[in-house]
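Listed here are the chains, written in short residue letters.
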Amino acid sequence: MKPLADVTPNTWAFLRDPMIAPTGFREYDARWKYPEGINLPGVTALGLGLGTQMTRRGIEPRIAVGNDYRDYSVAIKNALILGLTQAGIHVQDIGPALSPMAYFAQFHLDAPAVAMVTASHNPNGWTGVKMGFERPLTHGPDEMNELRDIVLNGEGEAKPGGTWERVDGVMEAYLDDLCGDFQMSRKLKIVCATGNGTASAFAPEVLRRIGVEVVPSHNELDYTFPHYNPNPEAMEMLHDMSASVKASGADLALGFDGDGDRCGVVDDEGEEIFADIMGVIMARDLSRLYPNSTFVADVKSTGLFASDPVLQANGAKADYWKTGHSHMKRRVHEIGALAGFEKSGHYFLAEPIGRGYDCGMRVAVEVCKLLDRNPDMKMSDLRKALPKVYNTPTLSPYCPDLEKYDTLQRIVDRIVPMKGQGTLGGQKIVDVITVNGARVMLENGGWGLVRASSNTPNLVVVCESPTSQEELRAIFEDLDAIIRVEPNVGDYDQTF
């Protein structure tokens, strides 16, 4: 049967019939508020649809499935598994996991598919599924559109032979794979911030295994998230990490989001290093080890990937691409890049460093290795060695899911004609890149970006100035004035 689009909890139909809000099918994963946007029979319909998609594509009917640490995630996972087994799929249930542990399981179990039940960095009340067939890739827009049509049109096909298997030992294998036989040769004291999320079961252990002194910060598993929602892109978490560094005298802080595929960094001076800037620091080090490498950066990221003189001297090439973990993974894979960096904190480290998927734990290990290779440098020294730029955190004004793409298109249509004649922050607009929203390039190297969020009802705004904090503020205010013409754009989630 076709799922109902209207989800009304506490009704007779809600307990029996599949209900799925169509807006939950995003560009590269599925995400809903639960139970306001999907019910358990709806999740089962999603599993049936995913299994049907596998069958239609001729994929071996076997899938690794895991869940994050939230009080309702096991119920969601079991409902998904019911649908997958109805579709004739053999489910290998790896239990509670990080998203990158689930991706690792695809390799470890030689599984042709993966589905990870997680709300990622979204706050409690959200759920969703990250899924993929061609490792290390996850579903992109084409695969998501195909899955959406199968599910919403009621095209899921039941087949015999579906089974469920509990698979133990994946967590231990994942930790062994992360750490290997590496041991720090310098002493490091690191604040490990996990916000009581899933990474609490992993990150402290990873750091201790490689010889780091760990300063715990909210490392007790607690799915109520009593301190803050684990999201290392949010200033609330970064400020807390900074305070912990200053209080403990640690060398740096590493913070992880709810499903552990992202990593945030605060240096020894308590300075928050946004992930794109941290990416440049890592790219400098990696390009010395692997000259003439290509690095992919998302359109929200700093212009330093293209302009940094050290990267240029090492023959590094920059490729700016669409924001989103699936877009970035696919781009790194397609062009043979060494790594990809996303301002949100997703890092995609390809062979010979990683396997190409986003893993906050892998980033933590590689940051420690970077510092080990530079024993005379503190993290603040590495930050200060970069050309100075001023940038905003990721700012997300509210915009309804069903309206955000049309709203963005109207904004882009107003910005594009400004090329060559308009200004932001007093700087002439020299180009407008529309690969993912509008990245407005300014005469002095500054820029401002507006795009639509792929997984929440928001627009996304990021700005950068090579000159001053005052110019940064002016760039933002001018761009915001263009955005504010749209009456359905609401308040920002945070300020700077």
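Residues numbered from 1 in each chain as written. Predicted model: local features only at pLDDT ≥ 70, side-chain atom pairs only at ≥ 80, totals over all residues. Heavy atoms only, no water.

Peer 1: Hey, could you run me through the UniProt feature "domain: Alpha-D-phosphohexomutase C-terminal" (unreviewed entry) in the chain in this one?
Peer 2: The UniProt record annotates "domain: Alpha-D-phosphohexomutase C-terminal" (unreviewed entry) at residues 432-480. In residues 432-480, the share of helix is 24% and the share of strand is 41%. The end C-alpha atoms are 16 Å apart. (UniProt positions renumbered as here; feature names shortened; annotations may be inferred. Helix = DSSP H or I, 4+ residues; strand = E, 2+ residues; numbered from the N terminus.)

Peer 1: Mind showing me how you'd approach unusual backbone geometry here?
Peer 2: Trans peptide bonds make up the majority, and among non-glycine residues the majority have a negative phi. Here the bond from Tyr 34 into Pro 35 is cis, since omega is 10°, no more than 30 degrees from zero. Take Pro 35: it is sitting in the loop between β1 (30-33) and α2 (40-56). Following Arg 135, the chain continues into Pro 136 via a peptide bond in cis, with omega recorded as 5°. Within the secondary structure, Pro 136 is located in the loop between β5 (126-132) and α5 (141-152). A positive phi is found at His 218, a non-glycine position, where the angle reads about 55°. Within the secondary structure layout, His 218 lies in the loop between β8 (213-217) and α8 (235-248).

Peer 1: Explain the side chain of Thr 44 here, please?
Peer 2: Relative to the helices and strands, Thr 44 resides in helix α2. Residue Thr 44 is classed as buried on the basis of its relative accessible area, which comes to 12%. Residue contacts for Thr 44: discarding those within four places in its chain leaves Ala 79, Leu 82, Gly 83 and Gln 86. (Buried < 20%, exposed > 50% of the residue type's maximum accessible area, 1.4 Å probe, protein only. Contact = heavy atoms within 4.5 Å.)

Peer 1: For this particular structure, what's the right way to read the nonpolar core?
Peer 2: Note on soluble globular proteins: their nonpolar side chains tend to be buried together. Judged by nonpolar contacts, the single largest core of 73 residues is most densely connected at Leu 254 and Met 361. Not counting residues up to four positions away in its chain, the partners in contact with Met 361 are Leu 98, Tyr 174, Leu 178, Ala 199, Phe 202, Ala 203, Phe 256 and Gly 260. Grouped together as the second largest cluster of nonpolar side chains are 34 residues, Ala 45, Leu 84, Ala 87 and Val 117 included. (Core = buried A, V, L, I, M, F, W, Y, C linked by side-chain atoms within 4.5 Å.)

Peer 1: Which parts of the structure should I look at to understand the packing of helix α15 (residues 404-415) against helix α16 (residues 469-483)?
Peer 2: For any two helices packed against each other, one specifies the crossing angle of their axes together with the interaxial distance. Where α15 meets α16, the closest approach of the two axes is 9 Å, and the angle between their N-to-C directions is 120°. It follows from the interaxial angle that α15 and α16 lie oblique. Note on element contacts: α16 touches α15 through Leu 479, Ile 482 and Ile 483, opposite Ile 411, Arg 414 and Ile 415. (Axes fitted to C-alpha atoms, helices over the stretch in contact; angles between N-to-C directions. Parallel < 35°, antiparallel > 145°, perpendicular 65-115°, else oblique.)

Peer 1: How should the side chain of Lys 404 be read in this particular structure?
Peer 2: Following the sequence through the fold, Lys 404 ends up in helix α15. Note on Lys 404: relative accessible area 3%, which makes it buried. Not counting the four nearest positions on each side in its chain, Lys 404 is found in contact with Arg 26, Cys 399, Ala 452, Ser 453, Ser 454, Asn 455, Thr 456, Pro 457, Asn 458 and Leu 459.

Peer 1: Is there a simple way to think about the pairing of strand β9 (residues 252-256) in this case?
Peer 2: The side chains of a regular strand alternate, first on one face of the sheet and then on the other. Of all five residues making up β9, five are buried, and the element is well covered by its neighbours. Neither face of β9 is open: one carries Leu 252, Leu 254 and Phe 256, the other Ala 253 and Gly 255, and all of them are buried. Of the strand pairs in this sheet, strand β7 (residues 189-193) and β9 are connected by four bridges, and their pairing is parallel. In the strand pairing of β9, Ile 190 is matched with Leu 252. In this sheet, strand β10 (residues 263-266) lies alongside β9 in antiparallel orientation, the contact comprising four bridges. Looking at β10, one finds that Leu 254 is bridged to Val 265. Here β9 folds back onto β10, and the loop between the two strands holds six residues, one of which, Gly 260, carries a positive phi near 75°. (Pairing = 2+ DSSP bridges.)

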